[in-house]
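Below, each chain spelled out in residue letters.
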Amino acid sequence: MTRLRLEQAPAATLPLRFLLAMPCWGIVGGALLLIDGDATLRVRWHPATLALVHVWTLGVLGNAMIGSVLQFLPAAAGAPLRGARHAPWLHGAWNLGALLLVTGLHRGDRVALAAAGTLLPLALLGLGAMTLPGLVAAAGERLLRVGLGAALGYGSATALAGGLLAWRLAGYGRWPLALVDVHAAFGVLGWMIALLAAVARVVMPMFQGTGRVAAPVQAGWLAAATVALPLAAAWHLHRPDGVALPWVVASGGGAFALAALALQWPVPGERRRALYRHWRLGLAALVAAAVALASGAGMLAGTLGLGIGMPLLVASMALEIVPFVAWIDLRRRVPRGTRIPGVQRLLDERHKQALLVVHGTAAVWLLAAVLWPQPWLARLAGAAQLVAWLLHARALAGSLRTARGCLRRPNRTAAPVVGDHRVPVDAAQPETPHA
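What you see is a predicted model; the values in this text were computed from it and never measured. (Residues numbered from 1 in each chain as written. Predicted model: local features only at pLDDT ≥ 70, side-chain atom pairs only at ≥ 80, totals over all residues. Heavy atoms only, no water.)

A. Looking closely at the overall build of the protein. Within the protein, the regular secondary structure consists of 14 helices and two strands. Relative to the compact-globule value of 22 Å for 435 residues, the protein shows a C-alpha radius of gyration of 21 Å, a close match. Taken over the C-alpha atoms alone, the protein extends approximately 70 × 45 × 45 Å along its principal axes. Classification of the 435 residues of the protein by burial places 56% in the buried group. In the protein, once contacts between residues fewer than 6 apart in sequence are set aside, the share between residues at least 24 apart is 78%. (Helix = DSSP H or I, 4+ residues; strand = E, 2+ residues; numbered from the N terminus. Rg over C-alpha atoms; globule rule 2.2 N^0.38 Å. Buried < 20%, exposed > 50% of the residue type's maximum accessible area, 1.4 Å probe, protein only. Contact = heavy atoms within 4.5 Å.)

B. Broad picture of the nonpolar core. Within the largest apolar cluster, 140 residues are counted, with the highest numbers of intra-cluster contacts made by L148, L229, F256, W279 and L283. Residues contacting L229, with those up to four places away along its chain left out, are Y154, A185, F186, L189, G190, L245, V248 and V249. (Core = buried A, V, L, I, M, F, W, Y, C linked by side-chain atoms within 4.5 Å.)

C. Up close: the confidence of the model for the protein. Chain-level statistics for the protein give a pLDDT mean of 89 and a share of 93% at 70 or above. Taken together, the stretch residues 412-435 has pLDDT below 50 and engages in 69 contacts with residues farther than four places along the chain or on a different chain. (pLDDT = per-residue confidence, 0-100.)

D. Quick look at the side chain of R201. Topologically, R201 is positioned in helix 7 (residues 179-208). Of the polar contacts made by the side chain of R201, one reaches the backbone oxygen of V213; its length is 2.7 Å. Among all residues touching R201, those that are not within four sequence positions of it are L143, R212, V213, A214, A215 and Q218. (Polar contact = N/O pair within 3.5 Å; in protein donor to acceptor, adjacent residues only side chain to side chain.)

E. Highlighting the layout of surface pockets. Taken as a whole, the second largest pocket encloses approximately 260 Å³ of empty space. What lines the second largest pocket is a set of 15 residues, among which L347, H351, R394, A395 and G398 lie closest to the centre. At the level of secondary structure, the elements contributing two or more residues to the lining of the second largest pocket comprise helix 12 (343-346), helix 13 (349-371) and helix 14 (375-408). Of the residues assigned to the lining of the second largest pocket, the class counts are seven nonpolar, four polar and four charged. (1 Å grid on protein atoms, 1.4 Å probe; cavity = no way out; pocket = protein on both sides within 12 Å on 5 of 7 lines; lining within 4 Å. Points joined across faces, edges and corners; volume = space filled by probe spheres on them. Nonpolar A, V, L, I, M, F, W, Y, C, P; charged D, E, K, R; others polar.)

F. Up close: the environment of G62. Residue placement: G62 occurs in helix 3 (residues 47-77). Distance from G62 to R201, taken between C-alpha atoms, is 20 Å for residues 139 residues apart in sequence.

G. Local environment of empty space enclosed by the protein. With the rule as written, the count across this model stands at four cavities of 30 Å³ or more. Here the largest cavity defines a volume of roughly 320 Å³. Along its surface, the largest cavity is lined by 20 residues, and F72, V199, V203, M317 and I321 are the ones closest to its centre. When grouped by side-chain class, the residues that make up the lining of the largest cavity number 18 nonpolar, two polar and no charged. Taken as a whole, the second largest cavity spans an internal volume of roughly 100 Å³. Forming the walls of the second largest cavity are W56, G307, I308, P311, L312, H359, A362, A363, Q385 and W389. No other element matches the four residues that helix 11 (residues 298-333) contributes to the lining of the second largest cavity.

H. Just helix 8 (residues 215-238), in detail. Here helix 8 contains 24 residues, and its C-alpha end-to-end distance of 35 Å stays within 8% of the 34 Å for a straight helix at 1.5 Å per residue. Along helix 8, the residues classified as buried are Q218, W221, L222, A225, L229, A232, A233 and H236. The elements touched by buried residues of helix 8 are helix 6 (142-169), helix 7 and helix 9 (244-264). (Expected span 1.5 Å × (residues − 1).)

I. The packing of helix 6 against helix 7, seen in detail. As a packed pair, helix 6 and helix 7 sit with axes 8 Å apart at the nearest point and diverge in direction by 155 degrees. Between helix 6 and helix 7, the angle falls in the class roughly antiparallel. When you trace helix 6 past helix 7, the crossing you get is left-handed. Residues belonging to the contact of helix 6 with helix 7 are distributed by class as follows: 20 nonpolar, seven polar and one charged. (Axes fitted to C-alpha atoms, helices over the stretch in contact; angles between N-to-C directions. Parallel < 35°, antiparallel > 145°, perpendicular 65-115°, else oblique. Left-handed = near helix turned anticlockwise from the far one by under 90°.)

J. Spatial organisation of the packing of aromatic side chains. With the rule as written, the count across this model stands at two aromatic pairs. A ring pair is formed by Y154 and F186, whose centres lie 5.1 Å apart and whose planes are at 85 degrees; its orientation type is edge-to-face. Of this pair, Y154 sits in helix 6 while F186 sits in helix 7, and the two are 32 residues apart along the sequence. For the pair W167 and Y172, a centre-to-centre distance of 5.1 Å together with 65 degrees between the ring planes defines the contact as edge-to-face. Using a relative accessible area of 30% as the deciding quantity, one classes W167 as partly exposed. (Phe/Tyr/Trp six-rings, centres within 6.5 Å; stacked < 30°, edge-to-face > 60°.)

What follows is the structure in structure tokens.
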């Protein structure tokens, strides 16, 4: 199992600024559903639909994935970050670009679209410059590093294609409309699913007690996806009415979700906690999204994948990562011999289970609203989304408040206490992410 390098973890503010932005964008998505109603869920090309999709992909998923990568690479992959001091600028460019794009799509604002088409590609290229040199130079965990590198490369390609499309909407350029599908395919399979698959190789055994997919099998999946995706994209640009591109995305994403569900199956009952159940529900939604996409039901596939499945995966991981980051920061800042709580005491299982119920309920209403689009049902789904993400934000902020409270009320002991066990100072490890 991959060993965590806690001493190499970045400063807590670096990933937290992205991870804490994630629920804020979820709240924005709920507000858009409340304002626009069923218009957001009827037609793919409606301005409200395009705005909501990018709230999900850039605001919720984008912030969660960037924050996780910035924490994960040094601590789990042993890949140091280059120019980490520029992270506030990266955060600002990404979220300002996302806000401008959502505004431009929703209101038809050409200036906002052109600005977003510049900022977002620059932000993703900046992320690549910050992360890829360390991935290339790092040793060990080759499959993990190749998977992360491929995902980051596709993320940059997705942003560049999206930038061209934003400039087209702003009145500059005449790119083919089929580029929209290529942009979406690169983003979903090449960036999001590939990144989740790479990270899952570490976090599923670590946090959920699963096994791992055999390295040759995962390497074959990654090779097939990274080769098939550009070939299918080129064919789609030539023949926009073809089905090769959606089938590649559906088969690649569905294979990942089915493999992860199979890994979860033998996990004993005592390990089936909130994270396990969040992922179970999210992976099932991804399988359903793959079936819907292969069947030509694009709106249903997008809702299941981008509005339900992947948000459940990244939101539940944030409930583990944010307390873990706070715990590492607390461990660094307290004097030696100071009692500190375990990771699980910063955000307990009861709160995570409650959030699972809330997010699951919101997912049911959102699915109902896309299957039977009615104004009242869409607005009810929006209210459920808004409440779920508000409670999610409150839970993440609460874990940070608990950690800060430990700094204000230090408790001196002979050695730090992690969870319920007194351990030597140098051996203190978090309760859940053990090596």
